[in-house]
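Listed here are the chains, written in short residue letters.
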Amino acid sequence: MVLITRKIEFSSSHLYHNPNLSAEENRRIFGKCNNPHGHGHNYTLEVTVAGDPDPVTGMVLDLKELKEILEREVMQRMDHRHLNYEVPELAGQIPTCENIARVIWQLLDPKITRGRLHHVRLYESPDLFADCYRNGASAAGKR
Amino acid sequence: MNSALKLELGRRYRFSASHRLHTTHLTEEENNRVFGKCSNPYGHGHNYVLEVSLSGAVDPAMGMIANLSDLDAFVQRHVLEDFDHKSLNEDVSAFRERVPTTENLCIEIFRRLQSFPKARLERVRVEETAKNSFEYDGSNEEGNRP
């Protein structure tokens, strides 16, 4: 099995606010991420697909195909968008790094038919990221 | 949460510390042979990067595995306060008897962070320089080097 990883970057705005909590509780839990007009990040997404190279092409999957899937499923949905208001898949969820990574996994998994989605890592900043992989899969080789 | 998926939260921290790789179990010659310039008597320092990975259920009200302010405070209290701008050999009791290699540093940090109450500690990863890094996930607890 070989792992192949493609990286993309997108820029989005968001804020953390739970309407079921009081303004005070929102402030206490989410801090400055609760500022009412939101803020933004440059996100970096790393998507890793696992598979055996095709004996004819030598590829697990064509990177161009992966690039098109990422463009369609992630870039068009999230790049230069407000994650709270413009991404229906995140509706009703706090758009944390954890939740965005999970939504991205759920969007990509059914679209990747050559090889198998192995790992999604989403960086909100260089010092904060979320990892998503199939439960039971070994953490080894995730990077 | 969809149980077919496993989610982890990763956070990076930085600290600067000095160390010297040297053990009284070896002769001076052997120390020099094994540790090379890392055994120079007055020690040297690194800008370390610590990467902490946690797993657990995403709290639906917060959308988080753990609140970063809780994690930051815990890492600050249990690791950074003791290690940052310190001599690992002289200032950290765990390294009085154990060589402060980055392998052993990973193990020590894992032990200190394991009791984080809000999520499960999956692993720690330490970059000693941009060129080398070490990881520890708590397995093989008994097999640590002296």
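This section reports on the structure supplied with the text.

Definitions and cut-offs
- Residues numbered from 1 in each chain as written.
- Chains lettered and ligands numbered in written order.
- Predicted model: local features only at pLDDT ≥ 70, side-chain atom pairs only at ≥ 80, totals over all residues.
- Helix = DSSP H or I, 4+ residues; strand = E, 2+ residues; numbered from the N terminus.
- Buried ≥ 20, exposed ≤ 12 C-beta atoms within 10 Å, placed from the backbone.
- Contact = placed C-beta atoms within 7 Å.
- Pairing = 2+ DSSP bridges.
- Core = buried A, V, L, I, M, F, W, Y, C linked by C-beta atoms within 7 Å.
- Expected span 1.5 Å × (residues − 1).
- Bend = angle between axes of the 7 residues up to and from the residue.

1. Examining the overall build of chain B
Looking only at helices and strands, chain B has four helices and five strands in total. Dimensions of chain B along its principal axes, counting C-alpha atoms only, are 60 × 30 × 25 Å. Classification of the 146 residues of chain B by burial places 28% in the buried group.

2. Looking at the overall build of chain A
Broken down by element type, chain A carries four helices and five strands. Moving toward the C terminus, one meets the helices and strands of chain A in the order β-α-β-α-β-α-α-β-β. Its C-alpha atoms put chain A at 60 × 30 × 25 Å along the principal axes. The 143 residues of chain A split such that 31% are buried. Across chain A, the fraction of contacts at a sequence separation of at least 24, relative to all contacts at a separation of at least 6, is 67%.

3. Quick notes on the interface of chain A and chain B
Contacts between chain A and chain B engage 23 residues on the former and 19 residues on the latter. At the level of elements, α4 (97–108) and β5 (128–134) of chain A are the ones that each hand at least two residues to the side of chain A that touches chain B. A total of seven residues in the side of chain A that touches chain B trace back to one element, the largest contributor, which is β5 of chain A. Relative to strand β1 (residues 5–19) of chain B, β5 of chain A is paired through seven bridges, and the arrangement is antiparallel. Within the sheet, the bridge partner assigned to Tyr-133 of chain A lies in β1 of chain B and is Lys-6 of chain B.

4. Thoughts on the pairing of strand β2 (residues 44–55) of chain B
All names here are of chain B. As defined by bridge partners, β1 adjoins β2 across 12 bridges and the pair is classed as antiparallel. Looking across to β2, one finds that Arg-14 is bridged to Val-49. Judged from the seven bridges that link them, β2 and strand β4 (residues 120–129) form a sheet pairing that is antiparallel. Among the inter-strand pairings, Ser-55 is bridged to a residue of β4, identified as Arg-120.

5. Overview of the nonpolar core
By size, the foremost hydrophobic cluster in this structure holds 53 residues, and its most contacted members are Ala-101, Ile-104 and Leu-122 of chain A. Per-element accounting of this core gives the leading share, seven residues, to α4 of chain A. With residues near it in sequence (within four places) discarded, Ala-101 of chain A still touches Val-120, Leu-122, Ala-130 and Cys-132 of chain A together with Leu-7 of chain B. Counting residues in hydrophobic clusters, the runner-up holds five residues, among them Leu-15, Ile-29, Phe-30 and Ile-94 of chain A.

6. A word on the environment of Ser-16 of chain B
All names here are of chain B. Within the secondary structure layout, Ser-16 lies in strand β1. Separated by 71 residues in sequence, Ser-16 and Ser-87 place their C-alpha atoms 9.3 Å apart. Not counting residues up to four positions away in its chain, the partners in contact with Ser-16 are Gly-45, Asn-47, Asp-84 and His-85.

7. Topic: helix α2 (residues 63–78) of chain A
All names here are of chain A. Helix length check: α2 (16 residues) gives 21 Å between terminal C-alpha atoms against 22 Å at 1.5 Å per residue, within 8%. Bending of α2 peaks at approximately 40° at the position of Glu-71. Those residues of α2 that fall on the buried side of the exposure criterion are Leu-66, Leu-70, Glu-73, Val-74 and Met-78. On its buried side, α2 packs onto β1 (2–14), β2 (39–51), β3 (81–82), α3 (83–86) and α4. After α2 finishes, the residue His-80 shows a positive phi value of roughly 55°.

8. Notes on the pairing of β2 of chain A
Residue and element names in this part refer to chain A. With 13 bridges connecting them, β1 and β2 associate as antiparallel partners. Bridged to Ile-8 within β2 is Leu-45. Sheet topology places β2 next to strand β4 (residues 116–125); seven bridges connect them, and they run antiparallel. When the bridges of β4 are listed, Thr-44 appears paired with Tyr-123.

9. Let's talk about the environment of Asn-132 of chain B
All names here are of chain B. Within the secondary structure layout, Asn-132 lies in strand β5 (residues 132–136). For Asn-132, a count of 10 C-beta atoms within 10 Å gives the class exposed. When the C-alpha positions of Asn-132 and Glu-97 are compared, they lie 24 Å apart, and in sequence the two are 35 residues distant.

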